[in-house]
Amino acid sequence: MERRNFLLALGATALTPALLAASANDAPYESLERALVLSGGGARGAYEAGVVGELAAAGGVSDGSPLVPYEIVCGTSIGALNGWYVATGQYTKLRELWYGISRQDLIHPKPQFAALHDPESGLLNRVASVIDLVGLTRNQRALLQSQPVLDWITRNIDVETPLLMPLVWAVTNLTFQRPEYFFIRPGRGEDIPDEVTRALRVALGPHTVVREATPDLLHRAIFASAAIPLAFDPVVIPNSDGMANEYCDGGVASNSPVGIAHAISKRADVVLLDPPFEPDTEYADAVEIAFGAFGTMQRKILESEMRSIYLQSVGERAFARLGQRDVAGVSGGNPQLAEFEQTSPATILRYIRPEKVLPVTVAGFDDGVGIANTYRLGWEDMGRGFTPYDWEAFKL
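Residues numbered from 1 in each chain as written. Predicted model: local features only at pLDDT ≥ 70, side-chain atom pairs only at ≥ 80, totals over all residues. Heavy atoms only, no water.

**Some points on the overall build of the protein chain**
Step number 1: Helix and strand counts for the protein chain stand at 16 helices and 10 strands.
Step number 2: Within the span of the protein chain, comprising 396 residues, buried residues form 49% of the whole. (Helix = DSSP H or I, 4+ residues; strand = E, 2+ residues; numbered from the N terminus. Buried < 20%, exposed > 50% of the residue type's maximum accessible area, 1.4 Å probe, protein only.)

**Examining the packing of aromatic side chains**
Step number 1: Applying the stated rule across the entire model yields 9 aromatic pairs.
Step number 2: A ring pair is formed by Phe223 and Phe232, whose centres lie 5.5 Å apart and whose planes are at 75°; its orientation type is edge-to-face.
Step number 3: Taking relative accessible area as the criterion, Phe232 reaches 9% and is therefore assigned buried.
Step number 4: Centre to centre, the rings of Tyr351 and Phe394 are 5.1 Å apart; their planes meet at 85°, and the pair counts as edge-to-face. Separated by 43 residues along the polypeptide, Tyr351 in strand S9 (residues 348-352) and Phe394 in the segment after strand S10 (387-388) bring together distant segments of the chain. (Phe/Tyr/Trp six-rings, centres within 6.5 Å; stacked < 30°, edge-to-face > 60°.)

**Notes on unusual backbone geometry**
Step number 1: In this structure, Pro69 follows Val68 across a cis peptide bond, with omega equal to 15°.
Step number 2: Note that Pro69 resides in the loop between helix H3 (46-58) and strand S2 (72-76).
Step number 3: The phi torsion at Asp105 lies on the positive side, around 55°, for a residue other than glycine.
Step number 4: Relative to the helices and strands, Asp105 resides in the loop between helix H5 (91-100) and helix H6 (123-134).

**Some points on the side chain of Ser39**
Step number 1: With respect to the element layout, Ser39 can be found in the loop between strand S1 (32-38) and H3.
Step number 2: Look at Ser39 and you get buried, because its relative accessible area is 1%.
Step number 3: When neighbours within four sequence positions are excluded, Ser39 is seen to be in contact with Glu48, Thr76, Ile78, Gly79, Asn255, Ser256, Val270, Val271, Leu272 and Leu273. (Contact = heavy atoms within 4.5 Å.)

**Notes on the packing of H3 against helix H4 (residues 78-87)**
Step number 1: At a minimum axis distance of 10 Å, the contact between H3 and H4 shows a crossing angle of 25°. For the element pair H3 / H4, the angle class is roughly parallel. The crossing of H3 and H4 is right-handed. Residues Glu48, Ala49 and Val52 of H3 pack against Ile78, Gly79, Asn82 and Val86 of H4.
Step number 2: In terms of residue class, the contact of H3 with H4 is built from 4 nonpolar, 2 polar and 1 charged. (Axes fitted to C-alpha atoms, helices over the stretch in contact; angles between N-to-C directions. Parallel < 35°, antiparallel > 145°, perpendicular 65-115°, else oblique. Left-handed = near helix turned anticlockwise from the far one by under 90°. Nonpolar A, V, L, I, M, F, W, Y, C, P; charged D, E, K, R; others polar.)

**Section: helix H10 (residues 218-226)**
Each turn of an α-helix holds 3.6 residues, which means side chains three or four residues apart point in the same direction.
Step number 1: Most of H10 sits out of view: 7 of its 9 residues are buried.
Step number 2: Of the residues making up H10, those classed as buried are Leu218, His219, Ala221, Ile222, Phe223, Ala224 and Ser225.

**With respect to H4**
Step number 1: Counting buried positions along H4 yields 10 of 10 residues, so the element is predominantly enclosed.
Step number 2: Every buried residue of H4 is listed here: Ile78, Gly79, Ala80, Leu81, Asn82, Gly83, Trp84, Tyr85, Val86 and Ala87.

**A look at the environment of Leu218**
Step number 1: By secondary structure assignment, the location of Leu218 is in helix H10.
Step number 2: Ignoring any residue separated from it by four or fewer positions in sequence, one finds Leu218 in contact with Trp84, Ile157, Val159, Trp169, Ile184 and Ala213.

**Concerning the nonpolar core**
Step number 1: Ranked by size, the top nonpolar core spans 64 residues in total, and within it Leu67, Trp98, Trp169 and Leu218 carry the most contacts.
Step number 2: Aside from chain neighbours lying at most four places away, what touches Trp98 is Gly42, Ala43, Gly45, Ala46, Ala49, Ile78, Asn82, Phe365 and Ile371.
Step number 3: In terms of nonpolar packing, the next biggest core, distinct from the first, is built from 25 residues, Leu32, Ala170, Val210 and Phe394 among them. (Core = buried A, V, L, I, M, F, W, Y, C linked by side-chain atoms within 4.5 Å.)

**So, the confidence of the model for the protein chain**
Interpretation of the predicted coordinates at a detailed level should be avoided for regions scoring low in pLDDT.
Step number 1: Residues with a pLDDT of 70 or more make up 76% of the protein chain, whose mean pLDDT is 82.
Step number 2: Counting contacts from residues 1-27, a segment whose pLDDT is below 50, to residues more than four positions away or on other chains yields 68 contacts. (pLDDT = per-residue confidence, 0-100.)

**Focus on the packing of H3 against helix H16 (residues 368-382)**
Step number 1: Relative orientation of the contacting elements H3 and H16 amounts to 45°, with a least axis distance of 7 Å. If you check the angle between H3 and H16, you find them oblique. In this structure, H3 crosses over H16, and the sense of that crossing is right-handed. The residues of H16 that touch H3, namely those facing Ala46, Tyr47, Ala49, Gly50, Val51, Gly53, Glu54, Leu55 and Ala57, are Ile371, Thr374, Tyr375, Leu377, Gly378, Trp379, Asp381 and Met382.
Step number 2: Considering only residue class, the contact of H3 with H16 consists of 11 nonpolar, 4 polar and 2 charged.

**Points about the pairing of strand S3 (residues 167-173)**
Step number 1: A large share of S3 lies buried, amounting to 7 of its 7 residues.
Step number 2: Both faces of S3 are covered, namely the face carrying Leu167, Trp169, Val171 and Asn173 and the face carrying Val168, Ala170 and Thr172.
Step number 3: Relative to strand S4 (residues 178-184), S3 is paired through 7 bridges, and the arrangement is antiparallel. Within S4, the residue paired with Val171 across the bridge is Glu180.
Step number 4: The antiparallel pairing of S3 with S4 creates a hairpin that spans 4 residues between the two strands, and Gln177 there sits at a positive phi of about 50°.
Step number 5: Bridging between S3 and strand S7 (residues 244-248) involves 2 bridges; their strand directions are antiparallel. By the bridge assignment for S7, Thr172 is matched with Cys248. (Pairing = 2+ DSSP bridges.)

In structure tokens form, the structure reads like this:
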């Protein structure tokens, strides 16, 4: 990838209103050729790892080499973690991580809730745990311990590992109730031009925040993307002025961050972890109902975002076929329409997804058999390739 294009791909550590006021008359940047988008989904991320493994094997890509033809990786939650290994060219380690993760004992209830998961605990202990659970709304903010997961991330992500391509991932800023994006890139510390902010403004909105995950923030920023509300405490990360903000699961707003890929690339290949939806009215308890509602929200956001990208790209290609005089006539002196024509990306979307529900649950990190089968499914499914996105045919 040319140095200039790479630098332009991530044009600001924070998209403040001043940066977004860049003139629409500035020269447009050249988009990257292709982005890989990795969705969130907990232990089902083994499917993504299988997809990546097959892509590397089929392309003859060895460890330490970039995953051609991709020039950037965009992820959320477990997709951010998988994305780290793609961005650093550690394909063998990614496979080993997934085949060994069931032995890591990552999921630890907080002590006051442990009896709910212990079949040998006495009735009084279970009653006490239920009482503590009710108190969750007053003085407890999550059910699980965060430290075991953060420690595991810290052990497996070495901030000194050189990057081969940029990695961007979604988080949710609870303090300001907005989605944000962290990124890391090769060659930290260089000045980056501002041109890309116009494309990000069109694709993601005028107040989108994109900030660099410096080495001191990297582990917490990746964990924040996976910190499911109610399961884990929010992750505290200082913002650019040093004020502490609380972050949680990026899947709240962007479980498949196709928007950021659209803003800076001509093509985006999206790995989804949900099959086409099949109605299920057998919700056994409140937890299943909550996850069903959360899944509905994520699917609707994904559908809307992909359709918006598709239609926006169709409009941009139509503009591109017009001559300058025709464009001027269509815009009619409207500066916003002119800016759209100059900065709106035109992205070709493709996706891959499992045909059936994967054989491991979102929280099934201790299910070695299910994870291995899920990894193999990702590898096998990638053999049939990506499917071009069609907004009329795509089903939630």
